[in-house]
Amino acid sequence: MGKQVWRVVMAGAAAAVFTAVAAVPAGAAEGGVSFTRVQVNSGKPIVIGVSKEVAVPASFRMATTHKWKWPAVFLYRGGTSDRLWHAVETSDCITVSSGVCDFNETMYFDPSVWDMRNSEAGAWKVAAEVYFNGGGGDTDDKGLTVYVKRNSRLTVNASPEPVSKGKTITVTGKVTRANWETRKYASYGGRTVSLQFKPAGAASYTTVKKAYANGSGDLRTTVKASQTGTWRWVYYGNTTTGPSTSSGDNVVVK
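Keep in mind that this is a model prediction, so the values were computed, not measured.

Criteria and thresholds
- Residues numbered from 1 in each chain as written.
- Predicted model: local features only at pLDDT ≥ 70, side-chain atom pairs only at ≥ 80, totals over all residues.
- Heavy atoms only, no water.
- Helix = DSSP H or I, 4+ residues; strand = E, 2+ residues; numbered from the N terminus.
- Buried < 20%, exposed > 50% of the residue type's maximum accessible area, 1.4 Å probe, protein only.
- Areas by Shrake-Rupley, 256 points an atom, 1.4 Å probe, with all protein chains shown as cover.
- Disulfide = S-S within 2.5 Å.
- Salt bridge = Lys/Arg side-chain N within 4 Å of Asp/Glu carboxyl O.
- Pairing = 2+ DSSP bridges.
- Axes fitted to C-alpha atoms, helices over the stretch in contact; angles between N-to-C directions.
- Phe/Tyr/Trp six-rings, centres within 6.5 Å; stacked < 30°, edge-to-face > 60°.
- Lys NZ or Arg CZ within 6 Å of the ring centre and 35° of its normal.
- pLDDT = per-residue confidence, 0-100.
- Contact = heavy atoms within 4.5 Å.
- Core = buried A, V, L, I, M, F, W, Y, C linked by side-chain atoms within 4.5 Å.

1. Some thoughts on the overall build of the protein chain
Link 1 in the chain: If you tally the helices and strands in the protein chain, you get zero helices and 20 strands.
Link 2 in the chain: Across the 254 residues of the protein chain, 44% fall into the buried class.
Link 3 in the chain: Summing over all exposed atoms, the protein chain offers an accessible surface of approximately 12,200 Å²; the carbon and sulfur share of this is 50%.

2. As for the state of the cysteines
Link 1 in the chain: Tallying each qualifying case throughout the model produces one disulfide.
Link 2 in the chain: In this model, Cys93 is linked to Cys101 through a disulfide, with the two sulfur atoms separated by 2.0 Å. Across the disulfide from Cys93 to Cys101, rotation about the S-S bond amounts to roughly -85°, and the bridge is consequently left-handed.

3. Here's the deal with the pattern of salt bridges
Link 1 in the chain: Within the structure shown, the criterion is met by five salt bridges.
Link 2 in the chain: In this structure, Glu120 engages Arg117 in a salt bridge whose closest nitrogen and oxygen atoms are separated by 3.3 Å.
Link 3 in the chain: Residue classification places Glu120 among the buried positions, given a relative accessible area of 3%.
Link 4 in the chain: Arg117 gets classed as partly exposed once you look at its relative accessible area, which sits at 36%.
Link 5 in the chain: Asp218 is the partner of Lys174 in a salt bridge, and the nearest nitrogen-oxygen pair spans 3.1 Å. Highlighted residues: Lys174 in strand β13 (residues 168–179) and Asp218 in strand β17 (residues 218–224), separated in sequence by 44 residues.
Link 6 in the chain: Given a relative accessible area of 34%, Asp218 falls into the partly exposed group.

4. Observations regarding the sheet that holds strand β4 (residues 46–48)
Link 1 in the chain: Strands sit in the order β4-β11-β10-β6 across an open sheet of four strands; the sheet is mixed. Here the strands that pair on one side only, and so sit at the sheet edges, are β4 and β6 (68–76). The mean inter-strand angle of the sheet, taken between neighbouring strand axes irrespective of direction, is 30°.
Link 2 in the chain: Relative to strand β11 (residues 137–150), β4 runs parallel, the two being bridged by three bridges. Each residue of the ladder has a partner; that of Ile46, found in β11, is Val148.

5. Here we look at the packing of aromatic side chains
Link 1 in the chain: In the structure shown here, the tally under the stated rule is seven aromatic pairs.
Link 2 in the chain: Ring plane angle 20° and centroid distance 6.0 Å describe the contact between Trp85 and Trp114, whose orientation is recorded as stacked. Of the two residues, Trp85 sits in the loop between β6 and β7 (87–90) while Trp114 sits in the loop between β9 (100–109) and β10 (122–132), which places them 29 residues apart along the sequence.
Link 3 in the chain: Members of the aromatic cluster, each reached through a chain of ring pairs, are Phe35, Phe60, Trp68 and Phe103.
Link 4 in the chain: Over the ring of Trp70 we find Lys69, and its NZ or CZ is 4.9 Å from the ring centre.

6. What about the confidence of the model for the protein chain?
Link 1 in the chain: Residues at a pLDDT of 70 or more form 88% of the protein chain, whose mean pLDDT is 88.
Link 2 in the chain: A low-confidence stretch, residues 1–30 (pLDDT under 50), is modelled with 73 contacts involving residues beyond four sequence positions or located in other chains.

7. What about the pairing of strand β15 (residues 192–199)?
Link 1 in the chain: In this sheet, strand β16 (residues 206–212) lies alongside β15 in antiparallel orientation, the contact comprising six bridges. Within β16, the position partnered with Gln196 by the bridge is Thr207.
Link 2 in the chain: Linking β15 to β16, which pair antiparallel, is a turn of six residues; within it Gly201 sits at a positive phi near 90°.

8. A look at the environment of Arg153
Link 1 in the chain: Residue placement: Arg153 occurs in strand β12 (residues 152–159).
Link 2 in the chain: Judged by its relative accessible area of 46%, Arg153 is partly exposed.
Link 3 in the chain: For the pair Arg153 and Tyr188, spaced 35 residues apart in sequence, the C-alpha separation works out to 9.3 Å.
Link 4 in the chain: Not counting residues within four places of it along the chain, the set of residues in contact with Arg153 comprises Lys174, Val175, Thr176, Tyr185 and Ser244.

9. Here we look at the nonpolar core
Link 1 in the chain: Val40, Ile46, Ile48, Val73, Leu75, Phe109 and Val148 are the most contacted members of the largest nonpolar core, which has 30 residues in total.
Link 2 in the chain: Elements represented by at least two residues in this core include exactly β3 (33–40), β4, β5 (54–64), β6, β9, β10 and β11.
Link 3 in the chain: If we skip the residues at most four places from it in the chain, Phe109 touches Ile46, Ile48, Lys52, Glu53, Val54, Val56, Leu75, Leu84, Trp85, His86 and Trp114.
Link 4 in the chain: Membership of the second largest hydrophobic core comes to 21 residues, among which are Leu154, Val163, Ala211 and Tyr235.

10. What to know about unusual backbone geometry
Link 1 in the chain: With omega at 5°, the peptide bond leading from Ser159 into Pro160 counts as cis.
Link 2 in the chain: Following the sequence through the fold, Pro160 ends up in the loop between β12 and β13.
Link 3 in the chain: Note the cis peptide between Glu161 and Pro162, where omega equals -5°.
Link 4 in the chain: Tracing the chain through its elements places Pro162 in the loop between β12 and β13.
Link 5 in the chain: Its identity as a non-glycine residue notwithstanding, Trp70 has a phi of 60°, on the positive side.
Link 6 in the chain: Here Trp70 is to be found in strand β6.

If you want it as structure tokens, here you go:
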């Protein structure tokens, strides 16, 4: 059974209302509602660390002649009862025409407050639902996929500093990834990471070579010193892990 928590805050409301709701099974909705223009985070992945709340924008249009309450979009796997635990803030109806409303929604993911499982990283489906005054409701699968990812981090160190032209520069670093269950960052080994360089006075970085993190997430490679500039590591992520870029380490070449 998926975790389900909803925080419904209508515009102008005096206080947040916390409630747990039971899902309407797929194929068993009462109907009478049309959801369109559904968007979650503009189609981008949702990347979550270990302590900071992440606010994710969503929006949708709902058309119905029913008297309703608590419309929202949500993320699920398998059946619509297997939901990703989060809080929801939904606007009042932005009237489009009779019986048609646009809504702005914010999903809040807070790994420091709610228990998140590492297995929850990856692809989630998007559905929209509404409950009717007096009971019943409608739930629609919108055919969208959103990736929820564990945040990653990179460190960098280039040495020696300064260095003579033509000598060897050793660039090291480490790849770590958020562990939602321990609420700490842990080594993320076996990753392919790009080493990038920006010459002094230049506006952008260029990839120089690829390197592989060992089983402990450690990175190490060497390059020849040709000109003063800044070195950094870039990891592009995967289906369960977000991308990351280290800070830059400047090396003066004499």
